[in-house]
Amino acid sequence: MSGLIELKQRLREHAEHHLRVAAMEELRGRYPAGTTPPYRDHSGLLWRYGFVPLYRRVPWEVKERAMHALGMTAEGSGWTPPARSPSDPWVPPANLRR
Amino acid sequence: MSERLIVIGGGGAGTAAATIAKRVKPDLHVSVFTEFEDIAYSPCGIPFVHGREIPRFEDLFLSTVERYVADGLDMRMETVVTDIDLDRRIITARNQHEGFDQLVICTGFTWEKPSVPGANLEGLHYVKNIRKAMEFDKLLDEVKRVAVVGATPLGVEMAGNLGHRGLEVDFIDEGPWVLGEVLDPDTAEPVHKSLEERGVTLRLGTKVEGFVGEDHVRAVATSEGELPCDIVIVCLEKIPNTTLAVAAGLEVGTTGGLVVDDHMRTKVPGVYAAGDAIEVPHGLTMLPIRGLTGSHAYAQGRTAAANIAGEDRVYDPVWIPWGLVGGDYTIGGFSIGETLATAMGVPYIVCKGVGVSRARYYPGATRTYVKLLADPTSHKLIGGQVHGGEGVKERCDFLAFVAKRGATIEDLAWMENIYSPPIGALFEPIAIAAQNGLAELRAGKVQASATPAASPAGSGVPA
């Protein structure tokens, strides 16, 4: 496996972990019943105090555009986003129409 | 000589790929290579046999090797594939080379091992292989105290079932609630109560720092102190098993899963992959994800088979309906919940409602709680969670499907539903949640979350 792929995997893993823990702390404020503070140690301070606040300041539309532009989404691997248009009825393939 | 398909892996994806390809194209010579002794059983049922909800492990078998052979498959049991040569189109197993025209890689996953001292001690168990589970089940008769590490779906099922069996269970996880990766805290609360009623001690917000013992584990060292135990069950993340494929030169993505297209094709012609070894995009964001369910693995295997047999079958990006029973309580959802939406920064509004599973007066009616997440501008569904008694699974399947088709909360607020006292109430809980959400929107009481300008507090909950 190339070093670049490993680096990308590690970056994604760290980013997701710290964003998730920050989200959990926020959600605990909203729904305090039955929860306990998540475990936190002193590692990942840069992620916690640098990356997470910065990521949260950027609007989703900008993040979404950036993820597509940077090739982080699956379109480059041969996938097509679903149309998600309820007004368009599903049409059976031609060979199954009677 | 007939065309030859080799399938590596005998799990859900592998068996689906092999059997469907043979069925659709009978002249195909299909060989299945698996390192295990058994095939076609449900590993998802293992926790429930340990918990004595299901009487026997034998009940988990769906078919036999002999049946597959009778159907024309060439079954290579207990045969490890050690090499794939994509240029020469051969695999190596037991030092023999075997050629293929088409190949499907369904090598599944391995469990993440804790990277702490003592992780190699005896007494740490991983749930996967049914024969090992049968042996482990005998051991459970001799122990009293069990530590379950990791509040993943498997962890929740194991903890609840071992509690049901009468064992003392410490359930340890760093997160503030169980299933923290997918579940929201309001949905987790009844699961916590139900697990505790089964005798499970929740150790949340607690880090595992090591395993203590000479040869055999006798305690788990945690950030909250040492917890004595007779055995440990490790239920951490599923890691795609891609070693063989990567050594052959196939590409992995940012999740560690193999990269495939929407036909389950890798970038090498005639080479497919499916199941827990691959990554597929989430329908909402198109970001690759991995570690889905057995039904996803099976559907991916079917897709690969159909395309190998000459059809043009597309596998859609996923909306992930999921559900499980935590203790005695049923929870489920689809796509994302508030926790993941907040983590990703996806803007959303929340619509909540409570209904009943049958007519209110009909014996056995249970409350059904529905939480829908929708896009603040288009009102299209983007995720949700459902919990309660009956009908959670069906509602989550339905919601995932209509979200994929672009349904809005207006669509759901005015949906038709079955009213029949033993099976459905007059008011459908999903419609109640959607109507509540619309009422809040009309009253101006709902704030969109996750965009700092719209909501400094980040609240997506109806006021």
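Quantities reported herein were computed from a predicted structural model and do not represent experimental measurements. (Residues numbered from 1 in each chain as written. Chains lettered and ligands numbered in written order. Predicted model: local features only at pLDDT ≥ 70, side-chain atom pairs only at ≥ 80, totals over all residues. Heavy atoms only, no water.)

In this section: the overall build of chain B. In terms of regular secondary structure, chain B is built from 12 helices and 26 strands. Taken over the C-alpha trace, chain B has a radius of gyration of 24 Å; the compact-globule value for 463 residues is 23 Å, and the two agree within 12%. The C-alpha extent of chain B, read off along each of the three principal axes, is 70 × 55 × 45 Å. Relative to its full complement of 463 residues, chain B shows a buried share of 59%. Sequence-distant contacts, at least 24 apart, represent 63% of the contacts inside chain B between residues at least 6 apart. (Helix = DSSP H or I, 4+ residues; strand = E, 2+ residues; numbered from the N terminus. Rg over C-alpha atoms; globule rule 2.2 N^0.38 Å. Buried < 20%, exposed > 50% of the residue type's maximum accessible area, 1.4 Å probe, protein only. Contact = heavy atoms within 4.5 Å.)

Applying the stated criterion across every chain, the model contains two cavities of 30 Å³ or more. What the largest cavity holds in volume is close to 70 Å³. Lining the largest cavity are 13 residues, with B:G275, B:D276, B:I278, B:L292 and B:Q300 positioned closest to its centre. Contributions of two or more residues to the lining of the largest cavity are made by strand 20 (278-281) and helix 8 (294-308) of chain B. In this structure, the second largest cavity spans a volume of roughly 50 Å³. In terms of lining residues, the second largest cavity is bounded by A:A74, A:S77, A:W79, B:V259, B:V260, B:E279, B:V280, B:P281 and B:P288. Here the lining of the second largest cavity gets three residues from one element, more than from any other, and that element is strand 20 of chain B. (1 Å grid on protein atoms, 1.4 Å probe; cavity = no way out; pocket = protein on both sides within 12 Å on 5 of 7 lines; lining within 4 Å. Points joined across faces, edges and corners; volume = space filled by probe spheres on them.)

Let us look at the packing of helix 1 (residues 3-30) of chain A against helix 2 (residues 45-57) of chain A. Residue and element names in this part refer to chain A. Axis separation between helix 1 and helix 2 bottoms out at 10 Å; the angle between their running directions is 80°. Classified by the interaxial angle, the pair formed by helix 1 and helix 2 is roughly perpendicular. Side by side, helix 1 and helix 2 meet where L11, H14, A15, H18, L19, A22, A23 and E26 of the first sit next to W47, R48, F51, V52, Y55 and R56 of the second. Across the contact of helix 1 with helix 2, the residue classes break down as nine nonpolar, two polar and three charged. (Axes fitted to C-alpha atoms, helices over the stretch in contact; angles between N-to-C directions. Parallel < 35°, antiparallel > 145°, perpendicular 65-115°, else oblique. Nonpolar A, V, L, I, M, F, W, Y, C, P; charged D, E, K, R; others polar.)

Let's shift gears to the confidence of the model for chain A. Taken as a whole, chain A shows an average pLDDT of 88; of its residues, 87% reach a score of 70 or greater. Element-level pLDDT for chain A is lowest in helix 1 of chain A, with a mean of 94, against a maximum mean of 96 in helix 2 of chain A. (pLDDT = per-residue confidence, 0-100.)

Let us look at the packing of aromatic side chains. Both the distance between ring centres and the angle between the ring planes are used here to describe each pair of aromatic rings. Under the definition given, this model contains five aromatic pairs over all chains. Centre to centre, the rings of A:W47 and A:F51 are 5.1 Å apart; their planes meet at 75°, and the pair counts as edge-to-face. Pair noted here: A:W47 and A:F51 are both in helix 2, with a separation of four residues, about one helical turn. Residue class for A:F51 comes out partly exposed when judged on its relative accessible area of 25%. Above the ring of B:Y126, the side-chain terminus of B:K113 is found at 5.7 Å from the ring centroid. The side chain of B:K238 reaches across the aromatic face of B:F109, ending 4.9 Å from its centre. (Phe/Tyr/Trp six-rings, centres within 6.5 Å; stacked < 30°, edge-to-face > 60°. Lys NZ or Arg CZ within 6 Å of the ring centre and 35° of its normal.)

Contact residues are listed per partner, giving 44 residues for chain A and 63 residues for chain B. Considering only the side of chain A, the residues that lose the most area to chain B are A:Y39, A:W79 and A:R84, jointly responsible for 21% of the buried surface there. The shortest N-O distance in the salt bridge between A:R30 and B:E338 comes to 2.7 Å. The interface formed by chain A and chain B includes 15 residue pairs in polar contact (both at pLDDT 80 or more). Counting residues per element, the ones that place at least two in the side of chain A that touches chain B are helix 1, helix 2 and helix 3 (60-69) of chain A. (Buried area = accessible area lost by both parts, 1.4 Å probe. Salt bridge = Lys/Arg side-chain N within 4 Å of Asp/Glu carboxyl O. Polar contact = N/O pair within 3.5 Å; in protein donor to acceptor, adjacent residues only side chain to side chain.)

With that out of the way, let us pick up the pairing of strand 15 (residues 225-228) of chain B. With four bridges connecting them, strand 14 (residues 217-222) of chain B and strand 15 of chain B associate as antiparallel partners. Of the residues in strand 15 of chain B, the one forming a bridge with B:V220 is B:L227. (Pairing = 2+ DSSP bridges.)

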